[in-house]
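# Per-entry structural report
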Amino acid sequence: MNEIYDFIKKCGVYYLATMDGDQPRVRPFGTIDLFDGKLYIQTGKSKDVSKQLAANPKAELSCFDGAAGTWLRVAGQLVNDDRVEAKKHMLDNYPDLRRMYDENDGNTQVLYFKDATATFASFTAAPKVIKF
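To keep things clear, this report deals only with the structure shown in the data block. Keep in mind that what you see is a predicted model, and the values were worked out from it rather than measured.

What follows deals with the side chain of Gln109. Within the element layout of this structure, Gln109 appears in strand S7 (residues 108–122). On the basis of relative accessibility, which here comes to 7%, the residue Gln109 falls in the buried class. Within the local environment of Gln109, its side chain forms a polar contact with the side chain of Ser50, the two groups lying 2.6 Å apart. At 3.0 Å, the side chain of Gln109 forms a polar contact with the side chain of Asn80.

Structure, rendered in structure tokens:
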């Protein structure tokens, strides 16, 4: 799990894909966290991405390390975690978000990957697959 987290953190930005009915939606994200041994993302409950994940929790993220020529895809279900501790952990790791979010605001949402598959790939090596 640490290898996955470290890679995403190094990339800085990843792209999260969700479904909006029958239309895929992709957007950049920058928040990633390890909490209770799970890989978390963060958003706001008022955003479309939150509504899309409530309707269909299947999602995939992708990021690319251009210097290494390696990319990562993580596919699985995103599960909402309403615990204040999980939200606080995320926001403590991204203090700039505290201008917009608070763990007790009713809008902050953190979700973790469940039944996920991470695939590291490049043009020069065989894919490496990690299930978690």
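As a rule of thumb, non-glycine residues mostly have phi less than zero, and peptide bonds are mostly trans rather than cis. Positive phi outside glycine occurs at Asp36, with the angle close to 50°. Assessed through its relative accessible area of 51%, Asp36 is described here as exposed. Non-glycine residue Asp115 carries a positive phi angle of around 50°. Tracing the backbone shows Asp115 in strand S7. Residue Asp115 is classed as exposed on the basis of its relative accessible area, which comes to 56%.

Where nonpolar side chains cluster on the molecular surface, the patch consists of Val13, Tyr15 and Val26 and spans about 280 Å² of accessible area. Mapped onto the fold, Val13 is located in the loop between helix H1 (2–11) and strand S1 (14–20).

To continue, consider the side chain of Ser122. Inspection of the secondary structure puts Ser122 in strand S7. From its side chain, Ser122 meets the backbone nitrogen of Thr124 in a polar contact 3.2 Å long. For Ser122, the side chain forms a polar contact with the main-chain nitrogen of Ala125, separated by 3.1 Å. What Ser122 contacts, discounting residues up to four positions off in sequence, is Gly69, Thr70 and Trp71.

So, on to the pairing of strand S2 (residues 23–29). The sheet contact formed by S1 and S2 spans seven bridges and is antiparallel. Within S2, the position partnered with Leu16 by the bridge is Arg27.

Before going further, it helps to examine the environment of Val13. On the accessibility criterion, Val13 (40% relative accessible area) is partly exposed. For the pair Val13 and Ser62, spaced 49 residues apart in sequence, the C-alpha to C-alpha distance is 9.0 Å. Look past the residues within four positions of Val13 in its chain and what remains in contact with it is Pro28, Phe29 and Cys63.

One full turn of an α-helix is made of 3.6 residues, so residues set three or four places apart face in the same direction. Among all positions in H1, only Ile4, Tyr5, Phe7 and Ile8 are buried. In an axial view of H1, the angular spread of the buried residues amounts to 165°, which keeps them on one side of the axis. The exposed set on the far side of H1, more than 90 degrees from its buried face, consists of Asn2 and Lys10. A positive phi of about 85° marks Gly12, the residue just after H1.

About the criteria used
- The numbering scheme is per chain: residues are counted from 1 as the chain's sequence reads.
- Owing to the predicted nature of the model, reporting of local features is limited to residues with pLDDT of at least 70; listing and counting of side-chain atom pairs is limited to 80 or more, with chain, interface and lining totals taken over all residues.
- Side-chain metrics in this entry use all non-hydrogen atoms of the structure; hydrogen atoms and water are not considered.
- What counts as a helix is a DSSP run of H or I of at least four residues, what counts as a strand is a run of E of at least two, and both are numbered from the N terminus.
- For the exposure calls, accessible area comes from a 1.4 Å probe over protein chains only, and a residue counts as buried if that area is under 20% of its type's maximum, exposed if over 50%, partly exposed in between.
- Any N or O atom pair separated by 3.5 Å or less is treated as a polar contact, with the protein-specific requirement of one donor-capable and one acceptor-capable atom, and with residues adjacent in sequence counted only for side-chain atom pairs.
- By definition, no residue in a patch forms a salt bridge, and every one has over 30% relative accessible area; like charges are joined within 9 Å, nonpolar side chains (Val, Leu, Ile, Met, Phe, Trp, Tyr) within 5 Å.
- Only the protein chains shown count as covering a residue, and every accessible area follows the Shrake-Rupley method with a 1.4 Å probe.
- Here, a salt bridge means any side-chain nitrogen of Lys or Arg that lies within 4 Å of a carboxyl oxygen of Asp or Glu.
- Two residues qualify as a contact provided that any one of their heavy atoms is within 4.5 Å of a heavy atom in the partner residue.
- A strand pair is defined by DSSP finding two or more bridges across the two strands.
- Working definition: the arc comes from the directions between the helix axis and the C-beta atoms, pointing outward to the latter.

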